[in-house]
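The residues making up each chain are set out below.
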Amino acid sequence: MKGIYANLRYWLVDHPSVTEFEWKEGETFGASTQFLITTVLTYLSLTAILHFITLPSKSTVQNPSASSTTRFLLRVISAIHNLILEILSFIMAVGCILSTSTQMPNSRWIFCFPPNKTPPRGPVFFWAYIFYLSKTLEFIDTLLILLNRGNKRLTFLHVYHHAIVVVMCYIWLHTSQSLLPVALVTNCLVHTLMYAYYMLCTLGKRPPWKRLVTDCQIVQFVFSFGVSIVMLWFHFTGIGCSGFWGWVFNAGFNASLLALFTDFHNKNYDKKKKSTEKRRD
């Protein structure tokens, strides 16, 4: 066990690329508002274009063999994509946990970075940076949904979440936002579960715990507000916490996601439960 921990510690915390990482505005890849705006607008534009291009056509119906072959290839690609994101999410969670345990000067640091004394460098911010870049990789989710003739499956929640979460991650790094380690770990753990579910679905083995994924996402947002109380207490009773206005944006985004996920939960699970109960009656 000690050997495993030592290897994990080296590759996820002590490796020079990790421990010497520093977010430099305008120098680090992706560390500019121009990159951020271009990335989000490109995602939204391509999503809109592909939405219309992939609308069902007569040729799709007339050539079922070709479409079935395409669907098979897309299923394989989707499985690989989901597996990569599942593994990456787990690695980021473990990496951030280990990095936080070594980089934090005290337990308060987990909730409140000292203002003007926490530059975005070191292993924790390295994983925040990888997390930021991984959100652009998740754009492929939308592409795969559309190519699978999933125009009806593409929701406002999906596109909104994918577009704005990139902005949120940029703000984390740009402002050295407090609560970053907590947010990153909880999000990555939920995504590990979520992408495991998606991967199994693409392999034709739909697990019975779809509702659990949505429940975990809702709990994650509720939990974020709970730990924010600790951060706010430190902020207003002490010298303040780094990235406070970044947290304000983050809190607003999480509140909107909580409302959207709760609505999704009610429409997809509560109605099914009521219809099942009516059948039994």
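For clarity, every value in this text was computed on a predicted model and none was experimentally measured.

Q: Just give me the short version of the confidence of the model for the protein chain, but keep the residues and values in it.
A: Residue-level pLDDT values for the protein chain average 90, and 90% of them are 70 or greater. Per-residue pLDDT, averaged within each element of the protein chain, yields its smallest value for helix H4 (residues 58–62) (50) and its largest for helix H7 (residues 123–137) (98). When the criterion is pLDDT under 50, residues 276–281 qualifies, and its contacts beyond four places in sequence or with other chains add up to 0 contacts.

Q: I'd like a description of the packing of aromatic side chains, backed by residues and values.
A: Here the structure, examined in full by the defined rule, presents 24 aromatic pairs. Aromatic pair Phe21 and Phe126: ring centres 5.9 Å apart, planes at 75°, arrangement edge-to-face. One end of the pair, Phe21, is in the loop between helix H2 (16–19) and helix H3 (33–53); the other, Phe126, is in helix H7, with 105 residues separating them in the sequence. A residue is classified by how much of its surface remains accessible, and Phe21, at 10% relative accessible area, is buried. Summarising the aromatic geometry, the rings of Trp109 and Phe113 are spaced 4.6 Å apart at their centres and angled 45° between planes, so their arrangement reads as tilted. Both residues of the pair, Trp109 and Phe113, belong to the buried class. Each member of the aromatic cluster is reached from another via a ring pair, and the members are Phe21, Trp23, Phe29, Phe35, Phe126, Trp127, Tyr129, Tyr132 and Tyr170.

Q: Kindly report on the state of the cysteines, identifying the contributing residues and their values.
A: Per the counting criterion, the structure on display carries 1 disulfide. Counting only cysteine sulfurs, Cys96 is the nearest neighbor of Cys188, a cysteine outside any disulfide, at a range of 7.5 Å.

Q: Tell me about H7, and please be specific about residues and values.
A: With 15 residues, H7 ought to run about 21 Å at 1.5 Å a step, and its terminal C-alpha atoms sit 21 Å apart, in line with that. Burial analysis of H7 places 11 of its 15 residues in the buried class, which makes it a mostly covered element. What H7 keeps buried is the set Pro123, Val124, Phe125, Phe126, Trp127, Ala128, Tyr129, Phe131, Tyr132, Ser134 and Lys135.

Definitions and cut-offs
Residues numbered from 1 in each chain as written. Predicted model: local features only at pLDDT ≥ 70, side-chain atom pairs only at ≥ 80, totals over all residues. Heavy atoms only, no water. pLDDT = per-residue confidence, 0-100. Helix = DSSP H or I, 4+ residues; strand = E, 2+ residues; numbered from the N terminus. Contact = heavy atoms within 4.5 Å. Phe/Tyr/Trp six-rings, centres within 6.5 Å; stacked < 30°, edge-to-face > 60°. Buried < 20%, exposed > 50% of the residue type's maximum accessible area, 1.4 Å probe, protein only. Disulfide = S-S within 2.5 Å. Expected span 1.5 Å × (residues − 1).

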